[in-house]
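# Coordinate inspection notes
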Amino acid sequence: RMYKRQMMCRRDIDVHNVPFLAIYEFLIPPEEEKLKQKQLVALLEKLVSKEWPTAKLFLYGSCANSFGVSKSDIDVCLAIEEADVDKSKVIMKLADILQSDNLQNVQALTRARVPIVKLMDPVTGISCDICINNLLAVVNTKLLRDYAHIDPRLRQLAFIIKHWAKSRGVNETYHGTLSSYAYVLMCIHYLQMRRPAILPCLQEMETTYSVTVDDVNCAYFDQVETLGDFGHHNRETIAQLVWGFFYYWAYGHDYANAVISVRTGSIISKREKDWTRRIGNDRHLICIEDPFETSHDLGRVVDKHSIKVLREEFERAAEIMQFDPNPCIKLFEPY
Ligand code: ATP
Ligand code: MG
């Protein structure tokens, strides 16, 4: 019976490609928004260079990894090449500088896990978070962007999954659900695991890009334009992939033993990583290995309550994809 159901679904589900692609197109930020972001970054560069002439500004997160939807805030990293910079001091100084230049709502959050300055630019209406020397985030942003260039289905899938997660309230790390970064890694991994594969594993290929940041060596194949049409042997459509993604996280994933790893393009075991026990606040109830900081589980924010919420949401989404004649409405219904 399962088999029949699945076959039916495979054939019928493609009618949903049109609405899914329409949602994707709708979420893409318009060019003018990109221009405004550039304008704001140029202003920040000007202000920063007065105080720190050799410092650099990098964009990271969704404004630079190609997974940003329209009206997102921008994430900026100020890189200062000094040994032992006191991040809190830099944050305070930076807030001072920005405050005196007409930027609005400038807030220095020096006590956050990652200290940042938050601000809003009244000219462009864009909000922005600035952190100091968080270069690993700049490098993982590049990895995500490079994956996005290999097959258009990654960006489509990730936009839809992020949109679902935001609509359903499961994209809130402070409530124990997953970050956007974690969801994008889940999408990359899912496409690496398709047969035929839709994405390769860039970290297992010849190294063409290598940097060492905070003692972590980040090396992978970044000449993605030479990969041609890597995923073309796999003809799965966006509707099939959305269905398969939710089906995997609802019924296919081995939560007790498995870790998803974009670094190896495979599933590895919790035992191998020593992630079988709760250590401190890390419960490892859903395990997503960071591609570079490999001791870092992006699922560590998930607790015994939020794991239930998450899994129920995956199951709900899988059910809707399976049985709802019009899944795009229910799937994104506000919670
Ligand atoms: P959104 O569109 O929701 O703003 P985002 O892509 O900006 O999504 P966030 O989860 O806000 O995603 O993270 C911003 C960036 O910070 C990520 O792209 C990543 O570079 C970095 N980052 C976030 N969380 C982690 C983490 N736990 N470990 C390492 N880097 C992280
Ligand atoms: Mg962001």
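Quick note: structure is the one above.
Residues numbered from 1 in each chain as written. Chains lettered and ligands numbered in written order. Predicted model: local features only at pLDDT ≥ 70, side-chain atom pairs only at ≥ 80, totals over all residues. Heavy atoms only, no water.

## Section: the sheet that holds strand E10 (residues 287-289)
In space, the three strands of this open sheet follow the order E9-E8-E10, with mixed pairing throughout. Two strands close off the open sheet at either side, each with one partner strand: strand E9 (266-269) and E10. Direction aside, the axes of adjacent strands within the sheet are offset by 35° on average. Relative to E10, strand E8 (residues 258-261) is paired through three bridges, and the arrangement is parallel. Looking at the pairing, Val 259 lines up with Cys 287 of E10. Packed on one face of the sheet, helix H7 (residues 180-193) meets E8, E9 and E10 and runs near 90° to E8. (Pairing = 2+ DSSP bridges. Helix = DSSP H or I, 4+ residues; strand = E, 2+ residues; numbered from the N terminus. Axes fitted to C-alpha atoms, helices over the stretch in contact; angles between N-to-C directions. Contact = heavy atoms within 4.5 Å.)

## A word on the pattern of salt bridges
Applying the stated rule across the entire model yields eleven salt bridges. The shortest N-O distance in the salt bridge between Lys 142 and Asp 222 comes to 2.9 Å. On the criterion of sequence distance, the pair formed by Lys 142 in helix H5 (residues 135-148) and Asp 222 in the loop between strand E7 (216-220) and helix H8 (238-252) is long-range, its members being 80 residues apart. Here Lys 142 and Asp 222 have matching classes, each one buried. Here Arg 194 ties to Glu 236 by a salt bridge, and the two come within 2.9 Å at their closest N and O atoms. Of this pair, Arg 194 sits in the loop between H7 and strand E6 (209-213) while Glu 236 sits in the loop between E7 and H8; the two residues are 42 residues apart in sequence, bridging distant segments of the chain. By relative accessible area, Arg 194 is classed as buried at 18%. Connected via shared salt-bridge partners are Lys 142, Asp 146 and Asp 222. (Salt bridge = Lys/Arg side-chain N within 4 Å of Asp/Glu carboxyl O. Buried < 20%, exposed > 50% of the residue type's maximum accessible area, 1.4 Å probe, protein only.)

## Some details on the pairing of strand E3 (residues 104-109)
As paired strands, E3 and strand E4 (residues 116-120) are joined by four bridges and run antiparallel to one another. Bridge assignment links Ala 108 to a residue of E4, and that residue is Val 117.

## Quick notes on the sheet that holds E3
If you trace the five strands from one edge of the open sheet to the other, you get E1-E2-E5-E4-E3, paired in mixed fashion. Looking at strand neighbours, the two that pair on one side only are strand E1 (56-60) and E3, the edges of this open sheet. Neighbour-to-neighbour, the strand axes of this sheet turn through a mean angle of 20°, independent of strand direction. Judged from the five bridges that link them, strand E2 (residues 74-79) and strand E5 (residues 127-132) form a sheet pairing that is parallel. Considered in E5, the bridge of Ile 74 is made with Cys 128. Strand contacts of H5: E1 and E2, with the helix running at about 50° to E1, the strand carrying the most contacts.

## Re the nonpolar core
Looking at soluble globular proteins, one finds that nonpolar side chains tend to be buried together. Residues Phe 20, Leu 157, Trp 164, Phe 246 and Leu 331 are the most contacted members of the largest nonpolar core, which totals 72 residues. Tallying contributions element by element places H7 first for this core, with ten residues. Looking at which domains feed residues into this core, each of domain 1 (2-27 + 142-331) and domain 2 (31-136) gives three or more. What Leu 157 contacts, discounting residues up to four positions off in sequence, is Cys 187, Tyr 190, Leu 191, Ile 238, Leu 241, Val 242 and Phe 245. (Core = buried A, V, L, I, M, F, W, Y, C linked by side-chain atoms within 4.5 Å. Domains from an automatic or database assignment.)

## Examining the site of ligand 1
Within the structure, ligand 1 sits among 16 residues, and Ser 62, Asn 140, Lys 162, Lys 166 and Ser 180 are positioned closest to it. Within the backbone of Ser 62, one N or O atom sits 3.0 Å away from an oxygen atom of ligand 1. Taking Asn 65, its side chain carries an N or O atom lying 3.4 Å from an oxygen atom of ligand 1. For ligand 1, the protein covers 77% of the area, taking 600 Å² as the surface of the free molecule. The leading source of residues in the shell around ligand 1 is H5, at three residues. (Near = heavy atom within 4 Å. Polar contact = N/O pair within 3.5 Å; in protein donor to acceptor, adjacent residues only side chain to side chain. Areas by Shrake-Rupley, 256 points an atom, 1.4 Å probe, with all protein chains shown as cover.)

The quantities given are spatial measurements derived from coordinates; they are silent on function.
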